[in-house]
Amino acid sequence: MPRKLIPLSTSFSFKIFTSTSEFPGNWNDFSANNIFFSKEYLHILEVSSPNNISSNFIGLFQNEKLVGVALTQFNNLSLVNSYGERDNCIKNKIRTVVFKNFSSNVLVVGNNTLTGQNTFCFSKEVPAKELVSLLYKAVEELQRQIEKNGQKVHLVIYKDFPEFQIPLFELPEFTSFYKFTTQPNMLFNIKEHWHTFDDYVSDLNKKYRDQFKRARKKSEGITKRKFSLEDIENYKDRIVELYLNVAEKAPFNTFFLNKDHFEIFKKSLNDKFLFYGYFKDETLIGFNTLIKNGKDIDTYFLGYDEKCQRERMLYLNMLYDMIAYSINKGFKRIVFARTALEIKSSVGAKPEVMYGFMKHNNHFINFFISKLFHFFEPKTNWNERNAFK
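Report on the accompanying structure. (Residues numbered from 1 in each chain as written. Predicted model: local features only at pLDDT ≥ 70, side-chain atom pairs only at ≥ 80, totals over all residues. Heavy atoms only, no water.)

**A short note on the nonpolar core**
Ranked by internal contacts, the top residues of the largest apolar core, which has 41 residues, are F188, F197, Y200, Y320, I323, F336 and V347. Those elements giving two or more residues to this core turn out to be β9 (185-189), α4 (197-203), α5 (206-218), β11 (273-280), β12 (283-293), β13 (296-304), α10 (314-328) and β14 (333-337). If we skip the residues at most four places from it in the chain, V347 touches F188, Y200, Q211, L316, L319, Y320, I323, F336, A387 and F388. Within the second largest apolar cluster, 38 residues are counted, among which are F17, L242, Y243 and L269. (Core = buried A, V, L, I, M, F, W, Y, C linked by side-chain atoms within 4.5 Å. Buried < 20%, exposed > 50% of the residue type's maximum accessible area, 1.4 Å probe, protein only. Helix = DSSP H or I, 4+ residues; strand = E, 2+ residues; numbered from the N terminus. Contact = heavy atoms within 4.5 Å.)

Here it is as structure tokens:
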């Protein structure tokens, strides 16, 4: 059942939904430019979120008219080995203990499984700053409800906003929040004169054209196959194994996908969700996934056999394949997201700095939140590349 409509004034109110079946009929009006606000995509989060994440959906109303939608996710990070298998140093062990005891219950205002501004979408008829203030009140109410159900919220994080949206948060409500940045979102803009993949390759400078040729040479003997729903079901166990090979080596984890996640994705989004398997001698050695999002292609999760990745430059070849597909199909941009920043830069992606706002609900800890953030956040050093002539 949706939680009751909360009136705030004569004109503004909000509703907190736990299920997409309760959405107003016009919810999808707000997903025209972003599939990640669609009822179909949000249903995936409802039924196949990672085990430590529960999603809530917020409707913002003016005079009972829907004027904004937003996503929140409550993350219980004590159920996840967040620092993965990077190392066993004492600092890492201290971070894990402190983190799980004081910062493991995180209410994310946004989408923890994606990179980018997939937090809210507002009607242009209402000043955005007013709706951010309304969203803040909705999040406060959600916190109260979570804690009423016996779970403490340690941290509240509003995540992944580009620089031009930062002024929306210049409100009294956010003065106690710490503004932070993490790894950038890697964006690949497709140039207008690239009509084929060969046009892209021709624009690479000599160093990165040689890199492309070397990668393609290494990939000889590997075949790529577009997976149907039946293929995803048949290779489920191997897909999970390949996914975990990559995920468990990440510097910081806040979740792991459920075993049936990709099946549910394919059932819900159909041809808007693409799954490609890579084979060597009939053995699945890797996969990647893409989501069609208007004029964008969003890269999603992938997996690979580590030995094949090293020997065959598999990951780099996947990036080239994503670029080729996107150019050939007339997309304008690839959202490569975070991680593997340098290699994505080497194929032509550029970083976009993303900002977030966080607040610890313990006032004493919040006073030191900037220092604690830098203690807990794994550092990533990388050099930006210039791939084109």
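**What about the sheet that holds β13?**
Read from one edge of the open sheet, 7 strands run β10-β11-β12-β13-β14-β9-β15, paired in mixed fashion. Two strands bound the open sheet, and with one partner strand each, they are β10 (222-226) and β15 (350-352). Put simply, the sheet's adjacent strands are angled 30° from each other on average, direction ignored. For β12 and β13, the ladder comprises 7 bridges, and the chain directions are antiparallel. Its bridge partner being in β13, K292 is matched across the sheet by I297. Along the sheet, helix α7 (residues 236-247) contacts β11, β12 and β13; its crossing angle with β12, the most-contacted strand, is approximately 80°. Contacting β9, β10, β11, β12, β13 and β14, α10 crosses the sheet at an angle of about 35° to β12. (Pairing = 2+ DSSP bridges. Axes fitted to C-alpha atoms, helices over the stretch in contact; angles between N-to-C directions.)

**Here we look at the pattern of salt bridges**
Opposite charge on two side chains permits them to pair, given that their charged atoms come into close proximity. Scanning the model with the defined rule gives 16 salt bridges in all. Of the charged contacts in the structure, one is a salt bridge between E263 and K236, with a shortest N-O distance of 2.9 Å. Within this pair, whereas E263 is found in helix α8 (residues 261-269), its partner K236 is found in helix α7, the two being separated by 27 residues in sequence. A relative accessible area of 8% places E263 in the buried class. A salt bridge links K307 to E311; the nearest nitrogen and oxygen atoms lie 2.8 Å apart. Here E311 and K307 lie together in helix α9 (residues 306-312), a separation of 4 residues that amounts to about one turn. K307 gets classed as partly exposed once you look at its relative accessible area, which sits at 48%. For E311, a relative accessible area of 36% gives the class partly exposed. Salt bridges sharing partners connect three or more residues here, namely K159, D160 and R338. (Salt bridge = Lys/Arg side-chain N within 4 Å of Asp/Glu carboxyl O.)

**Looking at the pairing of β9**
The buried fraction of β9 is high, at 4 of 5 residues. As paired elements, β9 and β15 share 3 bridges and run antiparallel to each other. Directly across from L187, in β15, lies its bridge partner K350. Sheet topology note: the β9/β14 ladder contains 4 bridges and is antiparallel.

**Topic: the side chain of T289**
Tracing the chain through its elements places T289 in strand β12. Among the polar contacts made by the side chain of T289, one reaches the main-chain carbonyl oxygen of F301 at a distance of 2.5 Å. Setting aside residues no more than four positions away along its own chain, T289 makes contact with F262, F273, L274, F275, D298, T299, Y300 and F301. (Polar contact = N/O pair within 3.5 Å; in protein donor to acceptor, adjacent residues only side chain to side chain.)

**So, the pairing of strand β2 (residues 12-17)**
Here β2 lies mainly inside the structure; 5 of its 6 residues are buried. When β2 meets strand β3 (residues 53-62), the two strands line up antiparallel, connected through 6 bridges. Its bridge partner being in β3, I16 is matched across the sheet by I58.

**A look at the packing of α5 against α10**
Here α5 crosses α10 at 110°, and the two axes come no closer than 9 Å. When the interaxial angle is binned, α5 and α10 end up roughly perpendicular. Of the residues in α10, those in contact with Y208, Q211, F212, A215 and R216 of α5 are L316, N317, Y320 and D321. By residue class, the composition of the contact of α5 with α10 is 5 nonpolar, 2 polar and 2 charged. (Parallel < 35°, antiparallel > 145°, perpendicular 65-115°, else oblique. Nonpolar A, V, L, I, M, F, W, Y, C, P; charged D, E, K, R; others polar.)

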